[in-house]
Amino acid sequence: MEESIIFTIFEGLPRQGPGSDACTTRALGLIPGNPLDILDIGCGSGKSTLVLARLSPHSKITAVDIYQPFLDDLSERAKKEKLDAGITTVRASMDDLPFPDSAFDLIWSEGAAYIMGFKEALLSWKKFLKPGGYMAVSECVWFTETPSNESLAFFNEIYPAIMHEQKVKALIEELGYEVLGVFRLPDNAWLDEYYNPLSRKLKILRQKYKDDAEVQVILDSMDNEMKIFRSHSREYGYSFFIMRKKEDGYP
């Protein structure tokens, strides 16, 4: 039940996580040249995929997600914008991707690497990059060394592996990448683009599942997540990390 209701919650939303067209555009602008083969991992309904397609009209973009309705939504939106010729959707798990080594110039992933774990994702996906290829990943990080007890308790429950932004930068270098740029997502990328539409969806689901105590608990947890961010957004958030694969990098 829990997995199915989670997909139901996010289905139909413009985004499945924090982000914005402006942030996607900024991140792509930090990557030199014009990458032709792009892999978007954990694309959801494809908000970032469509931005990449608009900005890179000559690129071939492969968009991957585990949930077919998200991919169907992306395909429909791509057709409406006449961007479908450059986008291929693939249903697959991010930890079992069906691609040959050294297939992509650029790997993109907004707000999804945490599912595998940031380190595990960067290690696993690295082989799919061409030598000197690029990766752009947004990850939830601490902005402070002294987060509040409320924030600590929250992340100890939902994502205990969260790291400080500076530690993430150091880890990227250790894993054989060169950091090209880092920037933090502004609050509006959470509130206007993600939490406000999500909040409206939760109200609808509360009524629809009013007699289902299990679902109500899940909805409560999502309301609590939004409450904590609104109180503590200076302590944590998403940072975008743009990196280049070192040709002689580890491992």
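Residues numbered from 1 in each chain as written. Predicted model: local features only at pLDDT ≥ 70, side-chain atom pairs only at ≥ 80, totals over all residues. Heavy atoms only, no water.

Chemist: Go over the overall build of the protein chain with me, naming the residues and quoting the values.
Modeler: In terms of regular secondary structure, the protein chain is built from nine helices and eight strands. Its C-alpha atoms put the protein chain at 55 × 45 × 30 Å along the principal axes. Looking at the protein chain residue by residue over its 251 residues, the buried ones come to 52%. Long-range pairs, those at least 24 residues apart, make up 78% of the contacts in the protein chain between residues at least 6 apart in sequence. Working note: accessible area of the protein chain is about 12000 Å², and carbon and sulfur atoms make up 49% of it. Side chains of the protein chain give 29 positive and 38 negative charges; the mean places of these two sets differ by 4 Å. (Helix = DSSP H or I, 4+ residues; strand = E, 2+ residues; numbered from the N terminus. Buried < 20%, exposed > 50% of the residue type's maximum accessible area, 1.4 Å probe, protein only. Contact = heavy atoms within 4.5 Å. Areas by Shrake-Rupley, 256 points an atom, 1.4 Å probe, with all protein chains shown as cover. Lys, Arg positive; Asp, Glu negative; His and termini not counted. Charge placed at Lys NZ, Arg CZ, Asp CG, Glu CD.)

Chemist: Can you lay out the packing of helix 5 (residues 118–125) against helix 7 (residues 165–174) for me, pointing to particular residues and giving the numbers?
Modeler: Between helix 5 and helix 7, whose axes approach to 11 Å, the crossing angle comes to 25°. When the interaxial angle is binned, helix 5 and helix 7 end up roughly parallel. Crossing handedness for the pair helix 5 and helix 7: right-handed. The residues of helix 7 that touch helix 5, namely those facing Phe-118, Lys-119 and Leu-122, are Val-168, Leu-171 and Ile-172. (Axes fitted to C-alpha atoms, helices over the stretch in contact; angles between N-to-C directions. Parallel < 35°, antiparallel > 145°, perpendicular 65-115°, else oblique. Left-handed = near helix turned anticlockwise from the far one by under 90°.)

Chemist: Go over the pattern of salt bridges with me, naming the residues and quoting the values.
Modeler: In this structure the tally under the stated criterion is 14 salt bridges. Within this structure, Arg-15, Asp-21, Lys-47 and Glu-193 form a network of salt bridges that share partners. (Salt bridge = Lys/Arg side-chain N within 4 Å of Asp/Glu carboxyl O.)

Chemist: Lay out the packing of helix 2 (residues 21–29) against helix 3 (residues 47–55) with the relevant residues and their values.
Modeler: A pair of packed helices can be characterised by two numbers: the angle between their axes and the separation between those axes. Running from N to C, helix 2 and helix 3 point in directions that differ by 50°, and their axes come no closer than 10 Å. Put simply, helix 2 runs oblique to helix 3. For helix 2 against helix 3, the interelement crossing comes out right-handed. Across the interface between the two elements, Asp-21, Thr-24, Thr-25 and Leu-28 of helix 2 pack against Lys-47, Ser-48, Val-51, Leu-52, Arg-54 and Leu-55 of helix 3. For the contact of helix 2 with helix 3, the class distribution of residues is four nonpolar, three polar and three charged. (Nonpolar A, V, L, I, M, F, W, Y, C, P; charged D, E, K, R; others polar.)

Chemist: Talk me through unusual backbone geometry; I want residue IDs and the actual numbers.
Modeler: Its identity as a non-glycine residue notwithstanding, Lys-82 has a phi of 60°, on the positive side. For Lys-82, the location among the structural elements is in the loop between helix 4 (68–80) and strand 3 (87–91). For Lys-82, a relative accessible area of 71% puts it in the exposed group.

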